[in-house]
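# Structural overview for review
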Amino acid sequence: MFAAIGIIVLIVMVFGGFTLAGGALGPILVALPLEMMMIGGAATGAVLIGNSLHEIKLLGAGVVRVFKGPKFTNEDHIDAIALASKLMKVLRADGAVALESHVTDPANSAIFSEYPRLQNDPVVVDMICDPLTLMVVSSGALDTHAIEEVIDNAIKTQLHEMEEPVHTIQSLADAFPALGIVAAVLGVIKTMGSIDQPPEILGKMIGSALVGTFLGVLLAYGFAGPMASRLKQVNTHDQQIFHSIKQVIVSSLHGYPQPLVLEAARSGLPPAHRPKLTELLDTMRGR
């Protein structure tokens, strides 16, 4: 929502200020379609050259997330801690055999069904079920540090995939000014081919060429750069859910009491989204 508002403010302020200063939008609007075709087309080609289909799909999803915001709500973070805690409670109280049906078939698990949003998220489900499945198949005999290393590797892989669109968008931001210069140089070449024309015609042609430089800089610092920054913020918010799950599993395997387990998971969340410990305790009591 704020991204869309920001785009509107940016366009209104830039072109509104230009108009109020006495500038005429006509020459810009005439040159804009072809300049956008050259710059946007070159940027699209560069993305296709530098990325596989998988990365391009991630880029599209990343752009959508810029406008939609974080995937996980504050309630999802609380639910993830509660879900992982309940599963670990089953492991401690009833052993690996009792946990098996929940982690090998989460779609039909009574515990997972209490949290339908998380149950329908394959990344969260895998982040919880994969290390706990290792505990099940080893009858709980695996070293806690080995489980922690497995979770760390899973988180690292997931974060790498989440960050790929950020790098691509930032690369576009870095490239747009140069692509704008390319479009402007082509405009100058065209103008030089009409050097015998009257000054008023040459002036319009030079002005059209400069639209390319203007557009490249505007796309870089007004659109692509801020979008990369926003997507990084969204990723930072969403990735905390994985760290909370890790803390619950690892702290529980170390045998810490439940309040300390919940505090370890809670303390890693950003202050603006961090629930109170009493709130988590009430959730675990079913209130």
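Residues numbered from 1 in each chain as written. Predicted model: local features only at pLDDT ≥ 70, side-chain atom pairs only at ≥ 80, totals over all residues. Heavy atoms only, no water.

If you tally the helices and strands in the protein chain, you get eleven helices and zero strands. Relative to the 2.2 N^0.38 estimate, which gives 19 Å for 287 residues, the radius of gyration of the protein chain is 27 Å and therefore markedly larger than a compact globule would have. Counting only C-alpha atoms, the protein chain reaches 90 × 35 × 30 Å along its principal axes. Within the span of the protein chain, comprising 287 residues, buried residues form 41% of the whole. Working note: accessible area of the protein chain is about 15200 Å², and carbon and sulfur atoms make up 66% of it. For the protein chain, the distance from the average site of its 19 positive side-chain charges to the average site of its 26 negative ones is 7 Å. (Helix = DSSP H or I, 4+ residues; strand = E, 2+ residues; numbered from the N terminus. Rg over C-alpha atoms; globule rule 2.2 N^0.38 Å. Buried < 20%, exposed > 50% of the residue type's maximum accessible area, 1.4 Å probe, protein only. Areas by Shrake-Rupley, 256 points an atom, 1.4 Å probe, with all protein chains shown as cover. Lys, Arg positive; Asp, Glu negative; His and termini not counted. Charge placed at Lys NZ, Arg CZ, Asp CG, Glu CD.)

Throughout the structure, instances matching the rule amount to seven salt bridges. One salt bridge in this structure joins Arg65 and Asp238, with 3.0 Å as the shortest N-O distance. Residue Arg65 is found in helix α3 (residues 53–68), and its partner Asp238 is found in helix α9 (residues 199–253); the two are separated by 173 residues along the sequence. In this structure Asp238 comes out as buried when scored by relative accessible area, which is 2%. (Salt bridge = Lys/Arg side-chain N within 4 Å of Asp/Glu carboxyl O.)

Empty space within the largest pocket amounts to approximately 420 Å³. As for the largest pocket, its lining consists of 18 residues, and the residues nearest its centre are Arg65, Lys71, Gln158, Met162 and Asp238. Of all the secondary structure elements, the ones that give two or more residues to the lining of the largest pocket are α3, α8 (144–192) and α9. The element best represented in the lining of the largest pocket is α3, accounting for six residues. (1 Å grid on protein atoms, 1.4 Å probe; cavity = no way out; pocket = protein on both sides within 12 Å on 5 of 7 lines; lining within 4 Å. Points joined across faces, edges and corners; volume = space filled by probe spheres on them.)

Attention now goes to helix α10 (residues 258–266). The set of residues buried in α10 consists of Val261, Leu262, Ala265 and Arg266. Take α10 and look down its axis: the buried residues cluster within an arc of 130°, on one side only. Looking at the buried residues of α10, the elements they touch are α4 (74–94), α9 and α11 (277–284). (Arc of directions from axis to C-beta. Contact = heavy atoms within 4.5 Å.)

Grouped together as the largest cluster of nonpolar side chains are 44 residues, with contacts concentrated most on Leu83, Leu87, Leu99, Val124, Ile128, Leu132 and Phe242. Looking at this core, the elements with two or more residues in it are α4, α5 (96–104), α7 (122–137), α8, α9, α10 and α11. If one sorts the elements of this core by residue count, α4 sits on top with ten residues. With residues up to four places along the chain from it excluded, the contact list for Leu87 reads Leu99, His102, Ile111, Phe112, Ile128 and Leu132. (Core = buried A, V, L, I, M, F, W, Y, C linked by side-chain atoms within 4.5 Å.)

The next point concerns the packing of aromatic side chains. Counting across every chain of the model gives two aromatic pairs. With a centroid separation of 5.9 Å and an interplanar angle of 85°, the aromatic rings of Phe15 and Phe214 are classed as edge-to-face. With Phe15 in helix α1 (residues 2–20) and Phe214 in helix α9, the pair connects residues that are 199 residues apart, well separated along the chain. Look at Phe15 and you get buried, because its relative accessible area is 19%. Overall, Phe214 belongs to the partly exposed group, its relative accessible area being 29%. (Phe/Tyr/Trp six-rings, centres within 6.5 Å; stacked < 30°, edge-to-face > 60°.)

With that out of the way, let us pick up the environment of Val124. Residue position: Val124 is located in helix α7. Residue class for Val124 comes out buried when judged on its relative accessible area of 0%. As for Val124 and Ala43, which are separated by 81 residues in sequence, their C-alpha atoms are 34 Å apart. Once residues within four sequence positions are removed from consideration, Val124 is found in contact with Phe72, Leu118, Ile241, Phe242 and Ile245.

So, on to the packing of α8 against α9. The description of two packed helices rests on the angle between their axes and on the distance between the axes. Relative to each other, α8 and α9 sit at 175°, their axes nearing to 7 Å. Between α8 and α9, the interaxial angle falls into the category roughly antiparallel. Considered class by class, the residues forming the contact of α8 with α9 number 31 nonpolar, 13 polar and seven charged. (Axes fitted to C-alpha atoms, helices over the stretch in contact; angles between N-to-C directions. Parallel < 35°, antiparallel > 145°, perpendicular 65-115°, else oblique. Nonpolar A, V, L, I, M, F, W, Y, C, P; charged D, E, K, R; others polar.)

What follows concerns the packing of α3 against α9. For the pair α3 and α9, the least separation of the axes is 9 Å and the interaxial angle reads 80°. The angle between the axes of α3 and α9 places the two elements in the roughly perpendicular class. Across the interface between the two elements, Gly62, Val63, Arg65, Val66 and Phe67 from α3 touch Met227, Arg230, Leu231, Val234, Asn235 and Asp238 from α9. In terms of residue class, the contact of α3 with α9 is built from six nonpolar, two polar and three charged.

We now examine α1. End to end, α1 covers 26 Å across 19 residues, agreeing with the expected 27 Å (1.5 Å per residue, within 8%). Note on α1: the residue one or two positions beyond its end, Gly22, has a positive phi of about 100°. (Expected span 1.5 Å × (residues − 1).)

Position of Val166 relative to the elements: it lies in helix α8. When the C-alpha atoms of Val166 and Ile49 are compared, they prove to be 17 Å apart, with 117 residues separating the residues in sequence. Ignoring any residue separated from it by four or fewer positions in sequence, one finds Val166 in contact with Ala228, Leu231, Lys232 and Asn235.

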